[in-house]
Amino acid sequence: MAKTWKQKLEEPKEPKVKVLQKPMAGALAGGTLLMPTPQLVKAFIEAIPAGQQIAFKDMRESIAKTQNSDVACPLSTSTCARIVAEAAWEDIQLGADPSQVTPFWRAIAPDSTLAKKLACGSAFIEHMREQERA
């Protein structure tokens, strides 16, 4: 049986830092690339104050700095953010109020490619952003 998003979120993992052999994601060869975990991304998103948003690129840069790395892998960070968002959406579908889940809408733009893949859809993200602005 396939794991739920919540189970994927709760899997114990450690972030990994790799030394780059060639330039990638804005870092030079010899620089470091962080492979974050869903828990690391979740903690970062939960620290974003209500009513504020962060660009995904800025989130990647900030997460990388917290782990003493030059950059965070764009693909890994996106995958982790999706796990965080889908786990939160599962909780909402089970009756949780959006105020009780990780506010992924603060880090995932409604017009992003990632938002279009999420079960909640772009409209939910835009709605939550509007609600927080009010």
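Cut-offs and rules
Sequence order as written defines residue numbering, which begins from 1 separately in each chain. The predicted nature of this model means local features are confined to residues of pLDDT at least 70 and side-chain atom pairs, given and counted, to a pLDDT of 80 or more, with totals for whole chains, interfaces and linings taken over all residues. Just so you know, side-chain values use all the structure's heavy atoms and leave hydrogens and water out. Only the six-membered ring of Trp is used, alongside the rings of Phe and Tyr, when aromatic pairs are assigned; centres must lie within 6.5 Å, and planes under 30 degrees apart are stacked while those over 60 apart are edge-to-face, with the rest tilted. One speaks of a salt bridge when a side-chain nitrogen belonging to Lys or Arg is within 4 Å of a carboxyl oxygen belonging to Asp or Glu. Here a strand is any run of E in DSSP of at least two residues, a helix any run of H or I of at least four, and the numbering for each starts at the N terminus. Between N-to-C directions, angles span 0 to 180 degrees; the directions come from axes that are lines fitted to C-alpha atoms, helices contributing only their stretch in contact. Should an angle lie under 35 degrees it is considered roughly parallel, over 145 roughly antiparallel, and from 65 to 115 roughly perpendicular; all remaining angles are considered oblique. Left-handed describes a crossing in which the near helix is turned anticlockwise from the far one by less than a right angle; the clockwise case is right-handed. Contacts are assigned to residue pairs with any non-hydrogen atoms lying within 4.5 Å of each other. Residues belong to a common nonpolar core when they are buried Ala, Val, Leu, Ile, Met, Phe, Trp, Tyr or Cys residues joined through side-chain atoms within 4.5 Å. Per-residue accessibility, obtained with a 1.4 Å probe over protein chains only, is compared with the maximum for each type, and a residue is labelled buried under 20%, exposed over 50%, and partly exposed between these values. Counting rule for charge: Lys and Arg are taken as positive, Asp and Glu as negative, and neither His nor the chain ends is counted. Whenever two N or O atoms come within 3.5 Å, that pair is a polar contact, provided that in protein one can donate a hydrogen and the other can accept it, and provided that, for residues adjacent in sequence, both atoms are side-chain atoms.

A.B. asks: So what exactly am I meant to see when it comes to the packing of aromatic side chains here?
C.D. replies: The description of an aromatic ring pair uses the distance of the two centres, along with the angle that the planes make with each other. Taken as a whole, this structure holds four aromatic pairs when the rule is applied. Taken together, the ring pairs in this structure connect W89, F104, W105 and F124 into an aromatic cluster.

A.B. asks: What is the right way to look at the pattern of salt bridges in this model?
C.D. replies: Any two side chains of opposite charge can pair, on the condition that their charged atoms come close. In this structure the tally under the stated criterion is eight salt bridges. When the shortest N-O distance is used, the salt bridge between E86 and R82 registers 3.5 Å. Here E86 pairs with R82, and both are found in helix 4 (residues 74-93), just four residues apart, close to one helical turn.

A.B. asks: Where do I start with the packing of helix 2 (residues 38-46) against helix 4 in this structure?
C.D. replies: Working note: a packed helix pair is described by the angle between its axes plus the distance between those axes. Axis separation between helix 2 and helix 4 bottoms out at 8 Å; the angle between their running directions is 70 degrees. Judged by the inter-axis angle, helix 2 sits roughly perpendicular to helix 4. At the point where helix 2 passes helix 4, the crossing takes the right-handed sense. Mapping the contact onto sequence places P38, V41, K42 and I45 in helix 2 and T77, C80, A81, I83 and V84 in helix 4.

A.B. asks: Would you mind showing me how to read the nonpolar core here?
C.D. replies: In summary, soluble globular proteins display a tendency toward joint burial of nonpolar side chains. Within the largest apolar cluster, 33 residues are counted, with the highest numbers of intra-cluster contacts made by V41, M59, F104, I108, L118, F124 and I125. Mapped onto this core, the elements with two or more residues apiece are helix 2, helix 3 (56-66), helix 4, helix 5 (113-117) and helix 6 (121-133). The dominant element in this core, judged by the number of residues it contributes, is helix 4, at nine residues. Contact partners of L118, with chain neighbours within four places excluded, come to R82, A85, E86, F104, I108 and I125. Grouped together as the second largest cluster of nonpolar side chains are five residues, L20, L33, V71 and C73 included.

A.B. asks: In this structure, what is going on with the side chain of R129? I would like to understand it.
C.D. replies: Within the secondary structure, R129 is located in helix 6. For the buried residue R129, which engages in no salt bridge, the nearest side chain bearing the opposite charge is E126, 5.8 Å off. Polar contacts involving the side chain of R129 include one to the main-chain carbonyl oxygen of I108, which spans 3.5 Å. The residues touching R129, leaving out its near neighbours within four places in the chain, are Q53, W105, R106, A107, I108, A109 and P110.

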